[in-house]
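Descriptive structure summary
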Amino acid sequence: MEHLKNLIRTIPDFPKPGIMFRDLTTLFLHPAGFKESVIAMAHEFRDAKVDMVAGIESRGFIVAAPIALELGVGFVPMRKAGKLPGEKLGVEYTLEYGTDRLEVHSNALRKGMRVLVVDDLIATGGTMRAACDLVEQTGAEVAGVACLVELTDLKGRELLQDYSCFRLIEFAGE
Ligand code: AMP
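As a starting point, this report considers the structure included with it. (Residues numbered from 1 in each chain as written. Predicted model: local features only at pLDDT ≥ 70, side-chain atom pairs only at ≥ 80, totals over all residues. Heavy atoms only, no water.)

**Re the pattern of salt bridges**
Counted according to the given criterion, the structure contains 12 salt bridges. For the salt bridge of arginine 101 with glutamate 103, the shortest nitrogen-to-oxygen distance reads 2.9 Å. A salt bridge links aspartate 162 to arginine 129, with the nearest nitrogen and oxygen atoms 3.5 Å apart. Taken together, the residues aspartate 162 in the loop between β8 (141-151) and β9 (165-171) and arginine 129 in helix α5 (residues 126-137) connect sequence positions 33 residues apart. (Salt bridge = Lys/Arg side-chain N within 4 Å of Asp/Glu carboxyl O. Helix = DSSP H or I, 4+ residues; strand = E, 2+ residues; numbered from the N terminus.)

**Quick look at the site of the ligand**
Among the 14 residues in the neighbourhood of the ligand, the closest are listed as Arg59, Ala123, Thr124, Gly125 and Thr127. Between the ligand and arginine 22, the relevant distance is 3.0 Å, taken from a nitrogen atom to a main-chain nitrogen or oxygen of the residue. In this structure, glycine 125 approaches the ligand through a main-chain N or O atom, which is 2.8 Å from an oxygen atom. Those elements that place two or more of their residues in the shell around the ligand are β2 (20-23), β7 (114-122) and α5. Top contributing element to the shell around the ligand by residue count: β7, with 4 residues. Its residues assigned to classes, the shell around the ligand shows 6 nonpolar, 4 polar and 4 charged. (Near = heavy atom within 4 Å. Polar contact = N/O pair within 3.5 Å; in protein donor to acceptor, adjacent residues only side chain to side chain. Nonpolar A, V, L, I, M, F, W, Y, C, P; charged D, E, K, R; others polar.)

**Some details on α5**
Each α-helix winds once per 3.6 residues, and so residues spaced three or four apart point in a common direction. With 12 residues, α5 should cover 16 Å at 1.5 Å per step; its first-to-last C-alpha distance of 16 Å lies within 8% of that length. Among the residues of α5, Gly126, Met128, Ala130, Ala131, Cys132, Leu134 and Val135 are the ones counted as buried. At its buried positions, α5 is contacted by β3 (52-56), β4 (74-80), β5 (88-94), β6 (99-105), β7 and β8. Following α5 by one or two positions, glycine 139 adopts a phi angle in the positive range, close to 100°. (Expected span 1.5 Å × (residues − 1). Buried < 20%, exposed > 50% of the residue type's maximum accessible area, 1.4 Å probe, protein only. Contact = heavy atoms within 4.5 Å.)

**As for the pairing of β3**
Remark: a regular strand shows side chains that alternate across the two faces of the sheet. Among the 5 residues of β3, 5 are classified as buried, and the element is accordingly described as predominantly covered. In β3, alternate side chains face the same way, and those of Met52, Ala54 and Ile56 on one face and Val53 and Gly55 on the other are all buried. Where β3 lies against β4, 5 bridges are found, and the strand directions are parallel. Its bridge partner lying in β4, methionine 52 is registered against glycine 74. Each parallel crossover has a hand, and for β3 linked through helix α4 (residues 59-71) to β4 it is right-handed. (Pairing = 2+ DSSP bridges. Right-handed = clockwise from strand over helix to strand, strands pointing away.)

Here's what the structure looks like:
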């Protein structure tokens, strides 16, 4: 996956000093690299009996929607607070400073469904864990979680031990 990793741009000190921002927009600019990433991620869950792919706003949508199409299942947006028009369920989660909230339409997921939860990147794992909690709140089951990039130094996987967790590309100590 080194050729895909090389398509990701790192911008130091964005959005604040000390953060190495892994900018996936440079990979998305590259049609062959973008397609290969999506197909590899979908392939991993081909036999996982996935009924629905849930993508986390906003960069998660870019990766989750084509994975859903590749698996031949529907796509469910997990949105930030106040964006969804219909009846919804929500979960609050802690950020470095303050809290955030993810919401999903309550009629989109239900008991008996197996959901693959997708984001662009796992750092501390807090966002992905909140998304999994929200899936479970609907009565559906998490079939797995997938990200294009995992920042392994931050040990986000420890929050995701209950789930089968796939990352395409890892950044560690770079
Ligand atoms: P976390 O909840 O800490 O796992 O953060 C995951 C979310 O924050 C993802 O949706 C990413 O888009 C974003 N994110 C966190 N750290 C970075 C980083 N170093 N580079 C790019 N995106 C990041």
